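Residue strings, one per chain:
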Amino acid sequence: MNRSLRPLLATTIIFVLAYALAVSQYPGLLSTRVLGNFLTDNAFLGIAAVGMTFVILAGGIDLSVGAVIGFTTVLIAVLVMWAGLHPLAAFAVALVVAAAFGATMGAAIAYLQVPAFIVTLAGMFLARGAASVISPDSIGIKHDFYTAVSQTYLLLPGGGRITVIGGLMVAVFVLGALLAHRTRFGSAVYALGGNPTSAALMGVPVPRTTILIYTLSSTLAGLAGAVFSLYTKAGYSLSAVGVELDAIAAVVIGGTLLTGGYGFIAGTFIGVLLQGLVQTYIVFDGSLSSWWTKIVIGGLLFMFILLQRLIFSASAPSRKALWKA
Amino acid sequence: MSILHKTALAGGLAVLLCSSALAQGLSGKVVGFSQIGSESGWRAAETSVTKAEAERLGIDLKFADAQQKQENQIKAIRGFIAQGVDAILVAPVVATGWEEVLTEAKEASIPVVLLDRGIEAPEDLYLTSVASDQVKEGRVAGEWLVGAVGDKECKVVELQGTVGSSPAINRKQGFEEGIAGAANVSIIRSQTGDFTRSKGKEVMEGFIKAEGGGAGICAVYSHNDDMAVGAIQAIKDAGLKPGTDILVVSIDAVPDIFAAMVAGEANATVELTPNMAGPAFAALDAYLNGGTVPEKFIITESKLYTPADDPQGEYDRRKGLGY
């Protein structure tokens, strides 16, 4: 077994154990309906988390994700309801705006050498502020396209449904995995996260890769915003507050190293499902405070950070041995 | 307005009729409750009253706090549907975006009752909604004041809620309706106190200064109790006696205003009841056990409390609810 696969394996085992434990208590959890809900209800989080995985793999952080989602929902609502655009055209505009926003942040990080934390924090305030300026109220979206999308789903035996947005999230994960593990861009991201200096020496175009990473993250956040607007059929400036933190949690629980250079897109998927499982369990229980979700996620995060420490300190002696030889 | 009156009466009547037949009731039923969060004392009280009502009726209540997020509410409702609950209560955080998930509930034949806020969705997606009538709350307060001052000339200062918020607009309108028939009662100053105690005190201080040390003010009408409590402080600071020199009437009926009544410093409050679940459970009982479809909009009672209504007892009853 490849050592580098251990965190992914650990996440998977924890998810399976947690799910089995939850099912033993509430058998109703093992239904296609719940599985379908996992995908539908976490679609926006999952899509944003794919972008976040790339950012963290490259050793960065993107705090603007939730705000970009909120901004996108408002922009789409305004374009559809006030300007009369077709939703698909509105999505296209929103994605372009989000991509440009991400590229700008990426350029600031790459060329001005400002920490990603600060740049994306500024981005977060900008996007959230802009959304509230456009409309502080929730704007309902009524359009045949939205109705059609919500009525389109794959009915599974047992009453579960794979919705358009749930399916879209799975597709984004598959494409994200291909991009990370099978392309030159993906290798550049890993190299950059491992060590930017040596990556540059190896001929990785560092500024260009950085810009592309943040463009990708914001574009996916924009897509998550489109999904969110399909999910709630509304644009609201305060929607998706704190989703960036949930996405970071999903990435880390999924086994990606916060310092970069190491991790898997598939792990993030399980990280997202694990968060969904905790929330669903608490709803099924019905007597626990919903804030237990945060406590459990916090505990899992802490555990994974410890786990990563252990794995990497365990690999340190072998490196020393190599030098001696 | 007469329609509202009728609806309120019918709703109240339905509640009375049902509560007498509660014996077979909802005992053993599973009801999911998606609450917005615990952003205000009233909200916390609503949660604890709902839990207490459920326990009294033997209902297995599944409670989900959405932490002010619609996505959490949608997730919770989907979770309830997957679990196959008998009914769902929702206090919606925003008005939009409920159609899809409520359609799913409808397809699963699970009745949904909205609590204290409305939504923008076709009415066939929910069984009924239980809410207060904010205009009526203001009207009850205004009518009380007209009755209390009799023929005496009365100049009123008004502490408004947050500008543009629906309770502020409706409670202002209702109060104006309530005093419309009395030529001797008039509003001379009106300003926002943002629903907060500190702003209520500050604005009242301004009113007193502007009206010659408060001599020209006969009563203060506050859109909520918190601002009234602030105003009482300002009146005392100005060397006047709240409740006697300046009458204090407000809305909400939180414990602190009853404490003020006990001290003789507040004169009347109109209750925004935290018991939205009571009428909701009654409607569900009638529907699930008898197939009776309730009114689409159940209006809760806007009850007036004065020092004659055992303020100490009301205070004791409420203080443990989480206000």
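Quick caveat: nothing in here was measured; it's all calculated off a predicted structure. As a convention, each chain's residues are numbered from 1 in the sequence order in which they are written. Lettering for chains starts from A, numbering for ligands starts from 1, and both go in the order in which the items are written. Predicted model: local features are reported for residues with pLDDT of at least 70 only, side-chain atom pairs are reported and counted for 80 or more only, and whole-chain, interface and lining totals are derived from all residues.

**Student:** Where do I start with the UniProt feature "domain: Periplasmic binding protein" (unreviewed entry) in chain B in this structure?
**Tutor:** UniProt positions are given in the numbering used here, feature names are shortened, and annotations may be inferred rather than shown by experiment. Mapped onto the present numbering, the UniProt feature "domain: Periplasmic binding protein" (unreviewed entry) falls at residues 32-290 of chain B. The straight-line gap between the two end C-alpha atoms of residues 32-290 of chain B is 21 Å; of that span, 46% is helix and 20% is strand. Per the convention used, a helix needs a DSSP run of H or I reaching at least four residues, while a strand needs a run of E reaching at least two, with both numbered from the N terminus.

**Student:** Looking at this structure, how should I read the interface of chain B and chain A?
**Tutor:** A common way to report how large an interface is uses the accessible area buried once the components associate. Every contact between the two is made by 23 residues of chain B and, on the other side, 22 residues of chain A. For the side of chain B that touches chain A, the secondary-structure elements that each account for two or more residues are β2 (60-65), α3 (70-83) and α4 (99-107) of chain B. By residue number, the principal contributor to the side of chain B that touches chain A is α3(B), which donates nine residues. Throughout, a pair of residues is in contact if the C-beta atoms placed from their backbones lie within 7 Å.

**Student:** When you look at the UniProt feature "transmembrane region" (unreviewed entry) in chain A in this model, what are you seeing that I'm missing?
**Tutor:** All names here are of chain A. UniProt records the feature "transmembrane region" (unreviewed entry) for residues 38-58, 65-83, 89-109, 116-134, 154-180, 211-231, 238-258 and 291-312 in the present numbering. Measuring from the first to the last C-alpha atom of residues 89-109 gives 30 Å, for a span that is 100% helix and 0% strand. Secondary structure across residues 211-231 divides into 100% helix and 0% strand, with the first and last C-alpha atoms of the span separated by 30 Å.

**Student:** What is the right way to look at the sheet that holds strand β6 (residues 154-160) of chain B in this model?
**Tutor:** The pairing of strands in a sheet comes from backbone hydrogen bonds and takes either a parallel or an antiparallel form. Residues and elements named next belong to chain B. Strand order in this open sheet of six strands is β7-β6-β8-β9-β10-β12, and the pairing throughout is mixed. Taken across any chain shown, the strands that pair with only one partner, and hence form the sheet edges, are β7 (185-192) and β12 (304-305). Taken together, the four bridges between strand β8 (residues 219-222) and strand β9 (residues 247-252) define a ladder with parallel strand orientation. Looking at the pairing, Y221 lines up with V249 of β9. Whenever a helix is involved, its axis is fitted only over the stretch in contact; in every case the axis is a line through C-alpha atoms, and angles between N-to-C directions fall within 0 to 180 degrees. Here helix α7 (residues 197-210) sits on the sheet in contact with β6, β7 and β8, set at roughly 150 degrees to β6. A strand pair is defined by DSSP finding two or more bridges across the two strands.

**Student:** Is there a simple way to think about the sheet that holds strand β4 (residues 112-115) of chain B in this case?
**Tutor:** All names here are of chain B. Within the open sheet, the six strands sit side by side as β2-β1-β3-β4-β5-β11. Their pairing is parallel. For this open sheet the edge positions go to β2 and β11 (297-299), each flanked by a neighbour on one side alone. Strand-to-strand, the axes of this sheet are offset by a mean angle of 20 degrees, without reference to chain direction. Inspection of the sheet shows strand β1 (residues 30-35) paired to strand β3 (residues 87-90) by four bridges, in the parallel sense. Each residue of the ladder has a partner; that of F33, found in β3, is L89.

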